[in-house]
Amino acid sequence: MRADQTVASAKPLARHSLRWRLPLLIETLIILVLVAFLGVAYREVKGNLWQSAATRAQAMADQLAGLLTQSVQQRLTEFRRVARQPAVRRLLRHPSDVAREEGQVSLATLTGNGPQRIDVWDTAGQCVVSLSLPPTASDLLPPSSAPSTSGVASLQRSHDVVFSESVVDILPEPAPDGRAATSQDRLGFLVVRRTITAAPTADVLNRLVGKGATIGVGNKTGDVWTDLTHAIEAPSINLGRLGLAEYSGSDGQRHLGSLADIRGTPWAVWVEFPHGVIFAPARAFLQRMVLMALGFVLVSGMVIAVVAARITTPLYELTKASEAIAGGEYSRRVAIRRRDEIGRLSVTFNAMAEQVESAQRGLEARVRERTANLEQAGQLLEQHVTELAAVNRELEAFSYSVSHDLRAPLRHITGFAKLLEQSESSSLGTEGRRYLTTMTEAATRMGRLVDDLLSFSRVGRTPLARAPVNLNHLVRDVHQEVTADLNGREVAWRFHDLPAVEGDRSMLRLVLLNLLSNAVKYSAGRPRAEIEIGTLPNGGAETVVFVRDNGAGFDMQYADKLFGVFQRLHSSDEFEGTGIGLANVRRIVQRHGGRTWADGRVDGGATFYFSLPNERTAAQ
Amino acid sequence: MMAGLRHILLAEDNANDIELMLSALKTNHVLNEVVVTRDGAETLDYLWRRGRYADRPLGDPIVIFLDLKMPKVDGLEVLRQVKQSPEFRTLPVVVLTSSREEQDLVRSYDLGVNGYVVKPVDFPEFVKAITLLGGFWAVVNAPPPRR
């Protein structure tokens, strides 16, 4: 029994034990704090990285725009210088083979980093001379159409080659008065087209912006763009707005960049960083931090486990000890290892266990004592029962002896009185015969008294045989017996319906027999006797039966005496009887747990009542 | 004594009762001889021809009138032995007693009694009862055949 209890309680203990829950709780809290901290730090770092990338992109875009603007201006200056060469003017004024050759020599002084093509057009829209450097460049750069104005044109593209086109006016010499010639005076146009994609400057510029950044140069209209190596798509941003912008690339990544204007051209420069590049340090930071956090969680978990064990182990021992005591092992104690609160708890626990044990011992002793007392009481009771049975047997023997021994002498008295009367009738006088008759009557009466006394004793002694009893049947039965002795008297009977009750049938029959024969007896003086039997409307815990007659009645002053043994309110001369009938009625009804009472008036009839409980609560 | 009439055995310890009984029988002209035994032991000795009855001349009684309260062996024991014996179990036995104790009534019938009479206190009643008894058992009733 005890072992079962321990096994049964050990299972839930493992799940709900403080031993596991306390460290787990602390560890969970630590992890939550770390995760929150890492989340905030990561966001912060990312924000900073974005900011610095934006700053960098803007600075670089502005710087590159400046460089490119400068470079374009330098080249225009150079083109104008060549356009002022006498050989070039001559070429337009007097185009001849000689002039062409001289002009080509002058034009060839224009050196560039990559392939270029130089064309000279007259104002009539005729290409006067065309020069490709190196000669293969003509394949890369297709012939252009006749120019109409000077300046830097939009970038153009041929296959994978992107090139620029610059147009300068070829002006006549300044007038003698020093007035500079204007574009209205132009002799023709010098058109220089240079590839950008093949320019070695790309390397230089890429190095300048650094790793991870991407450069794009193109028209602000968005049609032709290059990364200075190949033709590319323009970035999907609003090219009309300079400054910072972000977009999602075809690779699914976000890109952050800055757009700057190249002054004097329809071009813009774009420097961008993909988010992957921008936030790479943040991810690295996160990785390092997560590793550190894991290490911290591991170490702190071990420390917490050790510390928690120091607190919970004594508690666990206390719990086990409490369970042992609850299971009946009252001598169980816990070891005291510390002097803090837990140590004091252990001390208190041991003191309490001591008290429980001594109380238990006291209780057991008391139980033993009580059991002994109870056994003693039981023996005493048994003794009493035995004694009572002995008394009962004695009583039986007494009544047997009374019935037998008292009746015999009475019989002898009447018998011998009769014999005397018969044998000596002649010598006895009238007086003597009256004496003998009186003697006989007295003895006979005493015999009846003895019989009644014995029947009363039997009514008290015989055990009740309880069963459901139909009172209607019983009344009919008794009525038949009573009417047999009416001797022609007229009696008006009224029977009401009676309920079924529970009781001893033959005893209840005796009750009804007594009441009905009394009613008949005491209404003898009436010319027409009326007897009524019924129940009172008392639908509660008991059934009340009444027997009413219109006979001699009685004085209510003596109502209490009616039910006494041998108590009579009328003389034997008026109504014969010994006075045992109603005593028997009361005794039987009382043994059924009921009551008896009567109502009456001298010469006004009498009503006798008896009640029977409806539930089986009656005492035996 | 008339020849051929079988006798009545009266087992009764009280002399007064014996006298009243005999008187009542005589009054009613029951002519059978009445043999009286004064206690249960004597009654049994008489029936089984033991002791002083070892050589009693008469045959067996036609009926036994048996009192219950008797010295030495009581009436119920006599009844038991008679009704359980092979030789007398058919012999009619009528209990004559002063008491109407139910236990006696029940036990007597259990043992196979042929009649149970409570002697009335009133003498004329008593005589009437004895007249009926004597008339029936000694005259009217056909006894079992002699052994």
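Refer to the preceding data block for the structure.
Residues numbered from 1 in each chain as written. Chains lettered and ligands numbered in written order. Predicted model: local features only at pLDDT ≥ 70, side-chain atom pairs only at ≥ 80, totals over all residues. Heavy atoms only, no water.

K.L.:
Can you walk me through the overall build of chain A in this structure?
P.N.:
Looking only at helices and strands, chain A features twelve helices and 19 strands. For chain A, buried positions account for 39% of its 620 residues. If you take every contact in chain A between residues at least 6 apart in sequence, the share linking residues at least 24 apart comes to 65%. For chain A, the accessible area works out to roughly 35,100 Å², and carbon and sulfur atoms hold 57% of it. (Helix = DSSP H or I, 4+ residues; strand = E, 2+ residues; numbered from the N terminus. Buried < 20%, exposed > 50% of the residue type's maximum accessible area, 1.4 Å probe, protein only. Contact = heavy atoms within 4.5 Å. Areas by Shrake-Rupley, 256 points an atom, 1.4 Å probe, with all protein chains shown as cover.)

K.L.:
What am I meant to see in helix α3 (residues 86-93) of chain A here?
P.N.:
Residue pairs three or four apart in sequence face the same way in an α-helix, which turns once every 3.6 residues. Considered for burial, the residues of α3(A) that qualify are A:A87, A:V88, A:R89, A:L91 and A:L92. Close packing links the buried residues of α3(A) with α2 (18-83), α4 (97-107), β1 (116-122), β2 (127-133), β5 (161-170) and β6 (188-195) of chain A.

K.L.:
What am I meant to see in the pattern of salt bridges here?
P.N.:
Two side chains that carry opposite charge are able to pair once their charged atoms sit near each other. Residues and elements named next belong to chain A. This structure, assessed with the given rule, holds 34 salt bridges over all chains. Note that E421 and K418 form a salt bridge whose closest N and O atoms lie 3.6 Å from each other. Highlighted residues: E421 and K418, both in helix α8 (residues 341-423), separated by three residues, approximately one helical turn. Classification of K418 as partly exposed rests on a relative accessible area of 28%. (Salt bridge = Lys/Arg side-chain N within 4 Å of Asp/Glu carboxyl O.)

K.L.:
Explain the sheet that holds strand β11 (residues 254-261) of chain A here, please?
P.N.:
Within a sheet, adjacent strands bond to each other through the backbone by hydrogen bonds, running parallel or antiparallel. Residues and elements named next belong to chain A. Pairing in this open sheet of six strands is antiparallel, and the strands run β9-β8-β7-β12-β11-β10 from one edge to the other. Bordering the open sheet on either side are β9 (231-232) and β10 (243-248), each of which pairs with just one other strand. In this structure, strand β7 (residues 214-219) lies alongside strand β8 (residues 225-226), joined through two bridges in antiparallel fashion. For V217, the partnering residue across the bridge sits in β8 and is T226. Along the sheet, helix α7 (residues 275-326) contacts β10, β11 and β12 (267-274); its crossing angle with β12, the most-contacted strand, is approximately 35°. (Pairing = 2+ DSSP bridges. Axes fitted to C-alpha atoms, helices over the stretch in contact; angles between N-to-C directions.)

K.L.:
When you look at the interface of chain B and chain A in this model, what are you seeing that I'm missing?
P.N.:
As a measure of interface size, the accessible area lost when the parts come together is often cited. Between chain B and chain A, the contact holds 23 residues from the first and 21 residues from the second. In this assembly, chain B packs against chain A so that about 2,000 Å² is buried in total across both faces, 56% of it on carbon and sulfur atoms. On the surface where chain B and chain A come into contact, there are one salt bridge. Between the two partners, chain B and chain A, sit eight residue pairs in polar contact (both at pLDDT 80 or more). Of all the secondary-structure elements, those providing two or more residues to the side of chain B that touches chain A are α1 (15-27), α4 (102-111) and α5 (123-140) of chain B. Ranked by the residues each element gives to the side of chain B that touches chain A, the list is headed by α1(B), at five residues. Taken together, the residues of the side of chain B that touches chain A break down into seven nonpolar, seven polar and nine charged. (Buried area = accessible area lost by both parts, 1.4 Å probe. Polar contact = N/O pair within 3.5 Å; in protein donor to acceptor, adjacent residues only side chain to side chain. Nonpolar A, V, L, I, M, F, W, Y, C, P; charged D, E, K, R; others polar.)

K.L.:
So what exactly am I meant to see when it comes to the packing of α8(A) against α1(B) here?
P.N.:
For any two helices packed against each other, the geometry is given by the interaxial angle and the distance between the axes. Between α8(A) and α1(B), the shortest axis-to-axis distance is 10 Å and the interhelical angle comes to 45°. In terms of axis orientation, α8(A) runs oblique to α1(B). For the pair α8(A) and α1(B), the crossing hand works out as left-handed. Across from A:R411, A:H412, A:G415, A:F416 and A:L419 in α8(A), the residues of α1(B) making contact are B:N16, B:D17, B:E19, B:L20 and B:S23. In the contact of α8(A) with α1(B), the residues fall into three nonpolar, four polar and three charged. (Parallel < 35°, antiparallel > 145°, perpendicular 65-115°, else oblique. Left-handed = near helix turned anticlockwise from the far one by under 90°.)

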